[in-house]
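# Coordinates in review
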Amino acid sequence: MIFFLGIMVFLALLKLKTKQPEQAIGVFKSMLLLHDQRPNYVTILSVIRAVGALDREEMTGVVHAFAFKLGVGSEVSIVTALLGLYSLHNDMIMVWQSFYGAEVKDLVLWSALVNACMKNGKFADALNVFRDMQVSGFKPNYVSILSILPACADLGVLSLGKQIHGFCIVRGLYTVTNIQNSLMDMYAKCGVFECSILSFDRLRSKDLISWNTMICGSVENGYPKEALSFFHEMLKSGFQPDKTTIRNALTACSQAEEVKFGYGLHCYSIKSRLEGSVSLGTALLKMYADFGDIVSSRILFGCLPRKDMIAWSAMISVYAQTGHSFLAFELFSQMQSAKEEPNEATLVSLLQACSSMKSQEFGKVIHGNVMRNGYSSNVFITSALIDLYCKFGQLAQGEVLFNSLPYKDIICWSSMINGYGVNGCGNKALETFSKMLDTGLKPNGVVFTSVLSACSHCGLKDEGWKWFNHMKEHFGIIPALSHYSCMVDLLSRTGKIEEAFRFIKEMPLQPDASIWGSLLAGCKTVRGYVEIAEFAADRLSTLDPENTSYYVNLSNIYADVGQWKDAERLRRVLTEKKLRKTVGFSMIGS
């Protein structure tokens, strides 16, 4: 009989190893029902693995109870297997109960708990378990180190990451490629990219993950040209890029505005027969949108053999961010017809589209969708809703949404500050900014754009100059084009046209279309600056040739001073450009 039991166990294990978990469970049932045999803990381990392979959540509790009935429920190997099974189903309560129920805790069990916390996004818990494990006398091994490094990366705990790095060197684990890859990723996500480069340069045996880590790290840290350089070096080393490599390289092309490189990657994906990948197709349509080629984005989207929620959201976002709000809602309707539910990113894009097309009714519909899908506490969506209602002049509703958030991130504060600014409440905007500083949040460039924009909208020239100078002096933030644009707008709105013109010429950055547009709009408000207006219009014709609004402004300026021939000439140019724009719009929507 014992021999027969051994045969049954062997058969169960064989079925599991040959990837037949259902048959393994069938053998186990036969063993219990037909032969009345008492399984041992080896059999239970096999059944637990079979249940995990089948992803049968309802069977987990049954197997757990059966293990206790047999008296092996607290065996460390059984607990470790059950812990992993519960973590697959995101049941962290049972994960902890299983761990504390083990009579003996070994290094494998501790490592399994760290891994379970990581899989379920409990990064802080993973770090605490890792520390407790060492306090209990267990030295981290290869598995536990690979489990904990992503937690250091995601939480930005650089100090612990450095300690683990030192531990790996002392224990001779530093030469392991997987560990070095994780260390490179940790340093990149903690913003110390130079350490990633040092680790990469010292890596003797580089694999595809090593190259992907460096390309992705370069992109995440704002070094797109370095990312493309790593891509070149990878090809020279004989590695063939996979979908992850190409997606990251496409993002780098967008950031670095390397149009030809992007075209080359598209050709490579076609030659490698990767163009059917939904994720890669989505990355390509985003890249073309960043290059301003919305027609190609639309064609790529239409050619996707299967559209997932990310692809739908990406195309809706493209339309929303390029001013094609009607097309964004039309595509959203198609998405609903395809039985695809919107996610947070989709809803944020649709709210942006509502703001652009000034559609309050659509905004309320989307707000209702947010409530139904349980996204009311999402800070990104709430920030978009605040922005929406404030742009519609419903400042009170924006304040209600802002005050309802238990936790306000920097995006929410920025939205509320901007909301006060667009509604002419400059002092309230500055008061809100002060409250944000009191909470201990450090402002970023986006917040300062909202603050300076509020000063501009409300004519607060002195306050605008104060905070513009404070950016670098007190917060170490170097002004970007958006901040210079706000200052030009502020000076132009307050009638300081010559001062604004001098400010532009002294800028350390190359002025963009928004800066020259603000100056041109100011020349329209304050008479007598025709030459400056012509200079601004000339720059705009080069930077933004498809935009027709500046033709209208310059034409009105000519009309105000009686230069009727010049005004009429610009009217004819405007009519011709409007016709071409209409043809292009119809191509995008087709």
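Residues numbered from 1 in each chain as written. Predicted model: local features only at pLDDT ≥ 70, side-chain atom pairs only at ≥ 80, totals over all residues. Heavy atoms only, no water.

## Notes on the overall build of the protein chain
A tally of helices and strands in the protein chain yields 34 helices and zero strands. Expressed as a percentage of the 590 residues in the protein chain, the buried residues total 47%. Looking at the protein chain alone, contacts between residues at least 24 apart form 60% of all its contacts between residues at least 6 apart. Accessible surface, the protein chain as shown: approximately 29400 Å² in total, 55% of it carbon and sulfur. (Helix = DSSP H or I, 4+ residues; strand = E, 2+ residues; numbered from the N terminus. Buried < 20%, exposed > 50% of the residue type's maximum accessible area, 1.4 Å probe, protein only. Contact = heavy atoms within 4.5 Å. Areas by Shrake-Rupley, 256 points an atom, 1.4 Å probe, with all protein chains shown as cover.)

## Some remarks on the packing of aromatic side chains
One pass over the full model with this rule turns up 23 aromatic pairs. Measuring from ring centre to ring centre gives 5.0 Å for F200 and W211, while their planes differ by 75°; the resulting arrangement is edge-to-face. Of this pair, F200 sits in helix 12 (residues 193-201) while W211 is found in helix 13 (residues 208-220), placing the two residues 11 residues apart along the sequence. Under the relative-accessibility criterion, F200 is labelled buried at 4%. The exposure class of W211 is buried, given its relative accessible area of 5%. Seen from their ring centres, F200 and F230 are 5.5 Å apart, and the 85° between their planes marks the pair as edge-to-face. (Phe/Tyr/Trp six-rings, centres within 6.5 Å; stacked < 30°, edge-to-face > 60°.)

## With respect to the nonpolar core
Core analysis: the largest hydrophobic core is formed by 119 residues, its most contacted members being L250, F301, I366, I381, F433, W467 and L519. Discounting chain neighbours no more than four positions away, the residues touching I366 are F329, F332, L347, L350, L351 and C354. L109, L127, I148 and A151 belong to the second-largest nonpolar core, a separate cluster that totals 53 residues. (Core = buried A, V, L, I, M, F, W, Y, C linked by side-chain atoms within 4.5 Å.)

## Remarks on the layout of surface pockets
When its volume is computed, the largest pocket comes out at roughly 580 Å³. In this structure, the largest pocket is lined by 24 residues; those nearest its centre are K286, A314, S317, V318 and Q321. Of all the secondary structure elements, the ones that give two or more residues to the lining of the largest pocket are helix 15 (243-256), helix 17 (278-290), helix 19 (309-321) and helix 21 (344-357). When residues in the lining of the largest pocket are grouped by element, the largest group, seven residues, is from helix 17. Here the lining of the largest pocket is built from residues that sort into nine nonpolar, 12 polar and three charged. Taken as a whole, the second largest pocket holds about 470 Å³ of empty space. If you trace the second largest pocket, you find 19 residues lining it, with Q352, S383, D387, I411 and S415 closest to the centre. Mapped onto the lining of the second largest pocket, the elements with two or more residues apiece are helix 21, helix 23 (379-391), helix 25 (410-422) and helix 27 (445-457). (1 Å grid on protein atoms, 1.4 Å probe; cavity = no way out; pocket = protein on both sides within 12 Å on 5 of 7 lines; lining within 4 Å. Points joined across faces, edges and corners; volume = space filled by probe spheres on them. Nonpolar A, V, L, I, M, F, W, Y, C, P; charged D, E, K, R; others polar.)

## Focus: the environment of A567
Note that A567 resides in helix 34 (residues 564-589). Sequence-distant contacts of A567, defined by excluding residues within four places in its chain, comprise S555, Y558 and A559.

## Looking at the packing of helix 27 against helix 29 (residues 481-493)
Packed helices, taken two at a time, are described by the angle their axes make and the gap between the axes. Contact pair helix 27 / helix 29: the axes reach a minimum separation of 8 Å and the direction vectors enclose 5°. Regarding the angle of helix 27 to helix 29, the classification is roughly parallel. Within the contact between the two elements, helix 27 uses G445, F448, T449, L452, S453, C455, S456 and H457 and helix 29 uses S482, H483, C486, M487, D489, L490 and R493. (Axes fitted to C-alpha atoms, helices over the stretch in contact; angles between N-to-C directions. Parallel < 35°, antiparallel > 145°, perpendicular 65-115°, else oblique.)

## Here's the deal with a nonpolar patch on the surface
A cluster of nonpolar side chains, namely F326, M357 and F362, defines an oily patch on the protein surface of about 290 Å² accessible area. Inspection of the secondary structure assignment puts F362 in helix 22 (residues 360-372). On the basis of relative accessibility, which here comes to 37%, the residue F362 falls in the partly exposed class. (Patch = residues over 30% accessible without salt bridge, like charges linked within 9 Å, V, L, I, M, F, W, Y side chains within 5 Å. Salt bridge = Lys/Arg side-chain N within 4 Å of Asp/Glu carboxyl O.)

## Focus: the packing of helix 4 (residues 57-69) against helix 5 (residues 76-88)
In the contact formed by helix 4 and helix 5, the axes pass within 11 Å of each other and the chain directions differ by 165°. For the element pair helix 4 / helix 5, the angle class is roughly antiparallel. Helix 5 is crossed by helix 4, and the crossing has left-handed handedness. On helix 5, the residues that touch T60, G61, H64 and A67 of helix 4 are I78, L82, L85 and Y86. Residues that form the contact of helix 4 with helix 5 fall into these classes: five nonpolar, three polar and no charged. (Left-handed = near helix turned anticlockwise from the far one by under 90°.)

## Notes on helix 15
Its 14 residues give helix 15 an end-to-end C-alpha distance of 20 Å, which sits within 8% of 20 Å, the value for a rise of 1.5 Å per residue. If you check which residues of helix 15 are buried, you get T245, I246, N248, A249, L250, A252, C253, S254 and A256. In the core, the buried residues of helix 15 are packed alongside helix 13, helix 14 (224-236), helix 16 (259-271) and helix 17. The residue sitting at the N-terminus of helix 15 and contributing the capping side-chain oxygen is D242; that oxygen lies 3.2 Å from the backbone nitrogen of T244. (Expected span 1.5 Å × (residues − 1). Polar contact = N/O pair within 3.5 Å; in protein donor to acceptor, adjacent residues only side chain to side chain.)

## Focus: helix 32 (residues 530-543)
Between its first and last C-alpha atoms helix 32 spans 20 Å; for 14 residues at 1.5 Å apiece the expected length is 20 Å, and the two agree. Residues V530, I532, A533, A536, A537 and L540 constitute the buried set of helix 32. On an axial view of helix 32, the arc spanned by its buried residues comes to 155°, and they lie on one face. Opposite the packed face of helix 32, turned more than 90 degrees from it, sit the exposed residues E531 and T542. (Arc of directions from axis to C-beta.)

## Things to note about the side chain of T346
Considering the arrangement of structural elements, one finds T346 in helix 21. Accessibility expressed as a relative area gives 0% for T346, which makes it buried.

## A short note on the pattern of salt bridges
Within the structure shown, the criterion is met by eight salt bridges. Here E233 and K236 are joined by a salt bridge, their closest N and O atoms 3.9 Å apart. Pair noted here: E233 and K236 are both in helix 14, with a separation of three residues, about one helical turn. For K236, a relative accessible area of 67% translates into the label exposed. The partner of E431 in a salt bridge is K435, and the shortest N-O contact between them spans 3.7 Å.

## As for the side chain of S98
Topologically, S98 is positioned in helix 6 (residues 92-101). Overall, the relative accessible area of 6% leaves S98 in the buried class. A distance of 2.7 Å separates a polar atom in the side chain of S98 from the backbone oxygen of M94. The residues contacting S98, other than those within four sequence positions of it, are H64, V79 and Y86.

## A word on the confidence of the model for the protein chain
Considering every residue of the protein chain, the mean pLDDT works out to 84; 89% of them sit at 70 or more. Note that residues 1-18 has pLDDT below 50 and, in this model, 27 contacts with residues that lie over four places away or in other chains. (pLDDT = per-residue confidence, 0-100.)

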